[in-house]
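# Chain and residue survey
Listed here are the chains, written in short residue letters.
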Amino acid sequence: MKTPKYRSKRQPASSRRPSSRQRGYTTQWDREAKAFRQEPENAVCAECLRHGITTASQCDESLFWDKSNWQALSFACHNQKTGRGE
């Protein structure tokens, strides 16, 4: 059977990248991140703000839980930033 043109011949991302839990995103992270995004000052995507757009919105362990190091990102900006390896 011929592979459709739109399908990539690369391995799926899930087989190349550790799971979110393996990368340190625990249920505690899920709760804290959700609470962080709900704070009024984090309602706007930090990456969008850098570009003048106003939209609703693996570091070391010591920085991982430091909320001053966190930033709110829209879904699109998060994916773009993650794709750039930042």
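Located above this text is the structure these notes cover.
Quantities reported herein were computed from a predicted structural model and do not represent experimental measurements.

The rules behind the values
Residues numbered from 1 in each chain as written. Predicted model: local features only at pLDDT ≥ 70, side-chain atom pairs only at ≥ 80, totals over all residues. Heavy atoms only, no water. Helix = DSSP H or I, 4+ residues; strand = E, 2+ residues; numbered from the N terminus. Areas by Shrake-Rupley, 256 points an atom, 1.4 Å probe, with all protein chains shown as cover. Salt bridge = Lys/Arg side-chain N within 4 Å of Asp/Glu carboxyl O. Buried < 20%, exposed > 50% of the residue type's maximum accessible area, 1.4 Å probe, protein only. Phe/Tyr/Trp six-rings, centres within 6.5 Å; stacked < 30°, edge-to-face > 60°. Polar contact = N/O pair within 3.5 Å; in protein donor to acceptor, adjacent residues only side chain to side chain.

Helix and strand counts for the protein come out as 5 helices and 0 strands. What you see in the protein, going N to C, is helices and strands ordered as α-α-α-α-α. Surface exposure of the protein reaches about 7200 Å², of which carbon and sulfur atoms provide 53%.

Moving on, we come to the pattern of salt bridges. Inspection of the entire model under this criterion finds 2 salt bridges. Between Asp30 and Arg21 there is a salt bridge, with its nearest N and O atoms 2.9 Å apart. The class of Asp30 is partly exposed, set by a relative accessible area of 37%. Classification of Arg21 as partly exposed rests on a relative accessible area of 42%. For Lys67, the salt bridge goes to Glu32, with nearest N and O atoms at 3.0 Å. Of the residues examined, Lys67 reaches a relative accessible area of 40% and is grouped as partly exposed. For Glu32, a relative accessible area of 26% puts it in the partly exposed group.

What the rule picks out here adds up to 3 aromatic pairs. Where Trp29 meets Trp70, the ring centres are 4.9 Å apart and the plane angle is 70 degrees; that geometry is what we call edge-to-face. Residue Trp29 shares its accessibility class with Trp70, and that shared class is buried. Consider the rings of Phe36 and Trp70, whose centres lie 5.1 Å apart with planes at 80 degrees: the pair is edge-to-face. An aromatic cluster is defined as three or more aromatic residues linked by ring pairs; in this entry it consists of Tyr25, Trp29, Phe36 and Trp70.

What follows covers the side chain of Ser74. The topology assignment puts Ser74 in the loop between helix H4 (61–64) and helix H5 (75–83). Ser74 gets classed as buried once you look at its relative accessible area, which sits at 12%. A distance of 3.2 Å separates the side chain of Ser74 from the backbone nitrogen of Cys77, its partner in a polar contact.

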